[in-house]
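# Close look at the chain arrangement
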Amino acid sequence: MTARGDALLAAVAVSLMSVCLHAGFQQTGLQECHRCDGRLQDGSAVGNFCIASAGQVDGRCCLRHQGEQDRATIIGLDLSNCSLGNVEDLHEAITAVIIDLSANPIVNMSDSVFQGFTQLHSLRLPLPCQCPGGNESWETVEDIGSVCLCEGQRDACYSGGNMSWNCPENSLCGPYGPGLVQCSCSGDYHGYKCLRKGQFPMAEVLGILGASTIMVSGILWVTQRRKAKTV
Ligand SMILES: *[C@@H]1O[C@H](CO)[C@@H](O)[C@H](O)[C@H]1NC(C)=O
Ligand SMILES: *[C@@H]1O[C@H](CO)[C@@H](O)[C@H](O)[C@H]1NC(C)=O
């Protein structure tokens, strides 16, 4: 074979390899899906949901492909029986409609785990039943055998048909996960509690962002209804 032929062959091999690597990366791109062994099981709550919604199974996840780049997002996550003691971060599953964390010895679950999980409709947890945001943040809270079922997330901006009292003047309320709302300043207002009016001070916002992980941005913040405080 000529030197040129060798070079061509090498180029083809390299590009094939990079295609394979790329595909491999996409497969394992979502770490949450492979946090523990096994695959979604038919007959399980998340498995049934995945079949019904024509999702794609990847490890413990049910995925939906959407957007221009055909990006995969998690719509179902089953981390049941995964020996989880702590649940601190599930942000990869922020688009999930159903999450199963049952049959785990969870001793510690951070208050902010479900921050931003606005699509979450059904959550399974081990007992005792402690749904995030409290029972009032869900349509139904049920103790079914060894599983706590939190179902039908309520919009924390409205309680009993009334606008909640969480957001200050000059701001709009948006749901931001169970028992959580996000206040975003309206019009020209900005800053802490939307008390400032006028041009937006970028440097200050970046400073706030660096200093706090809870603060979503300078013009937004999250309040937790149950504890009735601004965080
Ligand atoms: C939980 O996981 C263990 C080990 O991975 C397995 O032996 C057991 O059957 C599982 N239990 C259930 C209810 O799936
Ligand atoms: C929430 O509801 C569950 C199931 O009915 C119950 O076991 C639990 O005690 C309730 N929690 C509170 C704080 O009322």
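Residues numbered from 1 in each chain as written. Chains lettered and ligands numbered in written order. Predicted model: local features only at pLDDT ≥ 70, side-chain atom pairs only at ≥ 80, totals over all residues. Heavy atoms only, no water.

Chain-level pLDDT for the protein is 79 on average; 71% of the residues reach the 70-or-more range. Below pLDDT 50 for its whole length, residues 12-26 participates in 0 contacts with residues either more than four positions away or in separate chains. (pLDDT = per-residue confidence, 0-100. Contact = heavy atoms within 4.5 Å.)

Moving on, we get to the site of ligand 2. As a matter of local geometry, ligand 2 sits amid Cys-129, Asn-135 and Val-141. In this structure, an oxygen atom belonging to ligand 2 sits 2.3 Å away from a side-chain N or O atom of Asn-135. (Near = heavy atom within 4 Å. Polar contact = N/O pair within 3.5 Å; in protein donor to acceptor, adjacent residues only side chain to side chain.)

Turning our attention to the environment of Ile-75. Relative to the helices and strands, Ile-75 is located in strand β3 (residues 71-78). Exposure remark for Ile-75: the relative accessible area of 2% places this residue in the buried category. Spatially, the C-alpha atoms of Ile-75 and Thr-95 are 5.8 Å apart, while their sequence positions differ by 20 residues. Excluding anything up to four places from it in sequence, Ile-75 contacts Phe-49, Ser-53, Cys-62, Leu-63, Arg-64, Thr-95, Ala-96, Val-97 and Ile-98. (Helix = DSSP H or I, 4+ residues; strand = E, 2+ residues; numbered from the N terminus. Buried < 20%, exposed > 50% of the residue type's maximum accessible area, 1.4 Å probe, protein only.)

In a disulfide, the sulfur atoms of two cysteines are held together by a covalent bond. Under the counting rule described, the total for this entry stands at 8 disulfides. Disulfide pairing places Cys-36 opposite Cys-82 at an S-S distance of 1.7 Å. Of this pair, Cys-36 sits in the loop between α1 (3-28) and α2 (45-52) while Cys-82 sits in the loop between β3 and β4 (86-87), placing them 46 residues apart in sequence. There is a disulfide in this structure between Cys-157 and Cys-173, and the S-S distance comes to 2.1 Å. Between Cys-157 and Cys-173, the S-S dihedral sits near -90°, and the bridge is therefore left-handed. Of this pair, Cys-157 sits in the loop between β9 (147-153) and β10 (158-159) while Cys-173 sits in strand β12 (residues 171-175), and the two are 16 residues apart along the sequence. The exposure class assigned to Cys-157 is buried, which follows from its relative accessible area of 1%. (Disulfide = S-S within 2.5 Å.)

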